[in-house]
Amino acid sequence: MKKILILGGTAWLGRTLCEQALARGHEVHALARGSHEFAAGVQPIVADRSLPGPYEAASAHHWDLVVELTRDPAQARGALEALSERAEHWVNVSSCSAYADQSTPGADEDNDVLEPLPPETPEADYDYGRAKSYGEYITMEARGGRALVVRSGLIGGPGDPSGRSTYWPLRFSEERRPVLVPNDPRNELSVQIIDVRDLAAFILAAGLAGLHGQVNAVGEQTSLHDALRMAQAAGEGDRPSPSGMEPGVSSVPYDLTRLEADDVNVWAGPRSLPLVPPPGPEHAGFARRSDARSLAMGLQRRGLEETFVDIVRATPAGAVASLNSGLSPDEEAALIAVSSG
Ligand SMILES: NC(=O)c1ccc[n+]([C@@H]2O[C@H](COP(=O)([O-])OP(=O)(O)OC[C@H]3O[C@@H](n4cnc5c(N)ncnc54)[C@H](OP(=O)(O)O)[C@@H]3O)[C@@H](O)[C@H]2O)c1
């Protein structure tokens, strides 16, 4: 049994880490304010990291593994100052958003990251990719390179708070037809979704094994076209075709050259077509990161079909309306009218 501290641990990935570590028989502590609930069985350390002295209780222990999830440079630095000497192994959960360049398909971990965002930066100038880059930098600096930086790609799975991985399977699971789907006639667009459960398992195993360095943790590269087909299969399940709908007319293709004119967003958020990567050559490497190092380090990934099926099984009917990404029924109907006209 190992003693593990999750800095965060009450939101989505953090909670999954806690649950998996507990299921493997470890002693798990999570440090957070508690505005999200702590998982059952976790030993909570309630502290606000924006106030003085948040690591006092945690520094009374010796940790086999610390996993840091923060997006805040000052929190990343403060935790290392207080706890690095008390920790055998350390994982910093970073992001592929930390890379300086998103234009090169197949880019690996040796590519440059963004200029680190200093902890004193005013809130108005906050930049997520640069903040994660600072977290990486200060972790390696404080630990003399003896840490693992896990650069995650898009995380998906049941409970995804962003709605990016859940929108399509849940939309297809609704009776309401037709579904507006992005058209990619030359099959050029791709997705790389890592299931939150596979990511958590990798972080724990690689962290406890004391692996060091930087690693991309991304899903298998899949064409957007295939991902949508899998989402449709997961969403429709064994349900017969909606009454009056012939096979093949249950979706309406959306011409992506219309995005700007129709004021439709890509990737995420309201009035969006989730998972569609941002346009332009500067994003040609988006969702096309090298996964070779993570696979060599032991990352095991379930198929995207399974992720989508589990999303549908775990989500109450009608939940698509309250996702943080996608089109509302009215927005979709208006775009379908334009697209079919
Ligand atoms: N989602 C993606 O597709 C994606 C892609 C790449 C990388 N990532 C990375 O993956 C990780 C996701 O982590 P997550 O899902 O667990 O969500 P999260 O929103 O990053 O979790 C934040 C955690 O920190 C705690 N926290 C926030 N402010 C705090 C404060 N002032 N003091 C103490 N605790 C505080 C929160 O709990 P309380 O509110 O209870 O305090 C929560 O447990 C992040 O590192 C993110 O950058 C995500």
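Here the structure is a predicted model, which means the values were calculated and not measured.

Student: Quick question: what am I supposed to make of the overall build of the protein here?
Tutor: Counting secondary structure elements, the protein contains ten helices and 15 strands. Relative to the 2.2 N^0.38 estimate, which gives 20 Å for 341 residues, the radius of gyration of the protein is 21 Å and therefore close to what a compact globule would have. Projected onto its principal axes, the C-alpha positions of the protein cover 65 × 40 × 40 Å. Counting over 341 residues, the protein shows a buried share of 50%. A fraction of 74% describes how many contacts in the protein between residues 6 or more apart in sequence connect residues 24 or more apart. Here the protein has roughly 15,500 Å² of accessible surface; of this, 50% comes from carbon and sulfur atoms.

Student: Explain the environment of phenylalanine 172 here, please?
Tutor: With respect to the helices and strands, the residue phenylalanine 172 is situated in helix α4 (residues 167-172). Phenylalanine 172 gets classed as buried once you look at its relative accessible area, which sits at 1%. Along the primary structure phenylalanine 172 and serine 250 are separated by 78 residues, whereas in three dimensions their C-alpha atoms are 9.4 Å apart.

Student: Is there a simple way to explain the packing of aromatic side chains in this structure?
Tutor: Working definition: an aromatic ring pair is given by the centre-to-centre distance plus the angle between the planes. Here the structure, examined in full by the defined rule, presents three aromatic pairs. For the ring pair tyrosine 167 and tryptophan 168, a centre distance of 4.8 Å and an interplane angle of 80° mean the geometry is edge-to-face. Judged by relative accessible area, tyrosine 167 falls into the buried class, the value being 1%.

Student: Sorry if this is basic, but what is going on with the pairing of strand β13 (residues 251-255) here?
Tutor: Along any regular strand the residues' side chains alternate between the sheet's two faces. Of the two faces of β13, the one holding Val252 and Tyr254 is buried and the one holding Ser251, Pro253 and Asp255 is not buried anywhere. Inspection of the sheet shows strand β8 (residues 179-183) paired to β13 by five bridges, in the parallel sense. Opposite proline 182, over in β13, you have tyrosine 254 as the bridge partner.

Student: Quick question: what am I supposed to make of the confidence of the model for the protein here?
Tutor: The predicted coordinates ought not to be read in detail in places where the model reports low pLDDT. Across the protein, the average pLDDT comes to 95, with 96% of residues at or above 70. Segment residues 243-248 is flagged for pLDDT under 50; beyond a separation of four residues in sequence, or across chains, it makes two contacts in the model.

Student: Help me out: how do you make sense of the environment of histidine 62 in this one?
Tutor: Here histidine 62 lies in the loop between β3 (43-46) and β4 (63-68). Expressed as a C-alpha distance, the spacing of histidine 62 and proline 178, which sit 116 residues apart in the sequence, is 56 Å. In this view, histidine 62 contacts Lys3, Arg86, Ala87 and Glu88; residues no more than four positions away in its chain are not counted. A polar side-chain atom of histidine 62 sits 3.4 Å from the main-chain carbonyl oxygen of arginine 86.

Student: Looking at this structure, I do not really get the site of the ligand. What am I missing?
Tutor: In the neighbourhood of the ligand, 29 residues make up the surrounding shell, with Thr10, Arg33, Ser35, Leu69 and Tyr128 lying closest. Between the ligand and threonine 10, the relevant distance is 2.7 Å, taken from an oxygen atom to a side-chain nitrogen or oxygen of the residue. Within the backbone of isoleucine 155, one N or O atom sits 2.9 Å away from an oxygen atom of the ligand. Notes on the ligand: free accessible area 910 Å², of which the protein chains cover 86%. Of all the secondary structure elements, the ones that give two or more residues to the shell around the ligand are α1 (12-23), β5 (87-95), α3 (128-142) and β7 (154-156).

Student: I tried to follow the pattern of salt bridges on my own but got confused; where do I start?
Tutor: Side chains that differ in sign of charge can pair as their charged atoms come close. A complete count under the given rule lists 22 salt bridges for this structure. Residues glutamate 109 and arginine 293 are paired through a salt bridge, measuring 3.8 Å at the closest nitrogen-oxygen approach. With glutamate 109 in the loop between β5 and α3 and arginine 293 in helix α8 (residues 292-296), this pair connects stretches of sequence that are 184 residues apart. Glutamate 109 sits in the buried class, given a relative accessible area of 6%.

Student: Could you clarify how one ought to interpret the packing of helix α2 (residues 73-83) against α3 in this entry?
Tutor: Packed helices, taken two at a time, are described by the angle their axes make and the gap between the axes. Taken N-terminus to C-terminus, the directions of α2 and α3 make an angle of 15°; their axes are 8 Å apart at the nearest point. It follows from the interaxial angle that α2 and α3 lie roughly parallel. Considering only the axes of α2 and α3, their crossing is right-handed. On α3, the residues that touch Pro73, Ala76, Arg77 and Leu80 of α2 are Ala131, Tyr134, Gly135, Ile138, Thr139 and Ala142. Class assignment for the residues of the contact of α2 with α3 results in seven nonpolar, two polar and one charged.

Student: Explanation requested: the packing of helix α6 (residues 224-236) against helix α9 (residues 304-314) in the structure shown.
Tutor: Here α6 crosses α9 at 40°, and the two axes come no closer than 9 Å. On the basis of their axis angle, the class for α6 and α9 is oblique. Seen from above, α6 lies across α9 with right-handed handedness. Here α6 contributes Ala227, Met230, Ala231, Ala234 and Gly235 to the contact with α9, which in turn contributes Leu304, Glu305, Phe308, Val309 and Val312. Along the lines of polarity and charge, the residues of the contact of α6 with α9 split into eight nonpolar, one polar and one charged.

Student: Hey, could you run me through unusual backbone geometry in this one?
Tutor: For the bond from arginine 177 to proline 178, the omega torsion is 0°, close enough to zero to count as cis. Checked against the element boundaries, proline 178 lands in the loop between α4 and β8. Positive phi outside glycine occurs at tryptophan 267, with the angle close to 75°. Secondary-structure assignment places tryptophan 267 in strand β14 (residues 265-267). Residue tryptophan 267 is classed as partly exposed on the basis of its relative accessible area of 21%. Positive phi outside glycine occurs at leucine 275, with the angle close to 80°. Topologically, leucine 275 is positioned in the loop between β15 (272-274) and α8.

Definitions and limits used
- Residues numbered from 1 in each chain as written.
- Predicted model: local features only at pLDDT ≥ 70, side-chain atom pairs only at ≥ 80, totals over all residues.
- Heavy atoms only, no water.
- Helix = DSSP H or I, 4+ residues; strand = E, 2+ residues; numbered from the N terminus.
- Rg over C-alpha atoms; globule rule 2.2 N^0.38 Å.
- Buried < 20%, exposed > 50% of the residue type's maximum accessible area, 1.4 Å probe, protein only.
- Contact = heavy atoms within 4.5 Å.
- Areas by Shrake-Rupley, 256 points an atom, 1.4 Å probe, with all protein chains shown as cover.
- Phe/Tyr/Trp six-rings, centres within 6.5 Å; stacked < 30°, edge-to-face > 60°.
- Pairing = 2+ DSSP bridges.
- pLDDT = per-residue confidence, 0-100.
- Polar contact = N/O pair within 3.5 Å; in protein donor to acceptor, adjacent residues only side chain to side chain.
- Near = heavy atom within 4 Å.
- Salt bridge = Lys/Arg side-chain N within 4 Å of Asp/Glu carboxyl O.
- Axes fitted to C-alpha atoms, helices over the stretch in contact; angles between N-to-C directions.
- Parallel < 35°, antiparallel > 145°, perpendicular 65-115°, else oblique.
- Left-handed = near helix turned anticlockwise from the far one by under 90°.
- Nonpolar A, V, L, I, M, F, W, Y, C, P; charged D, E, K, R; others polar.

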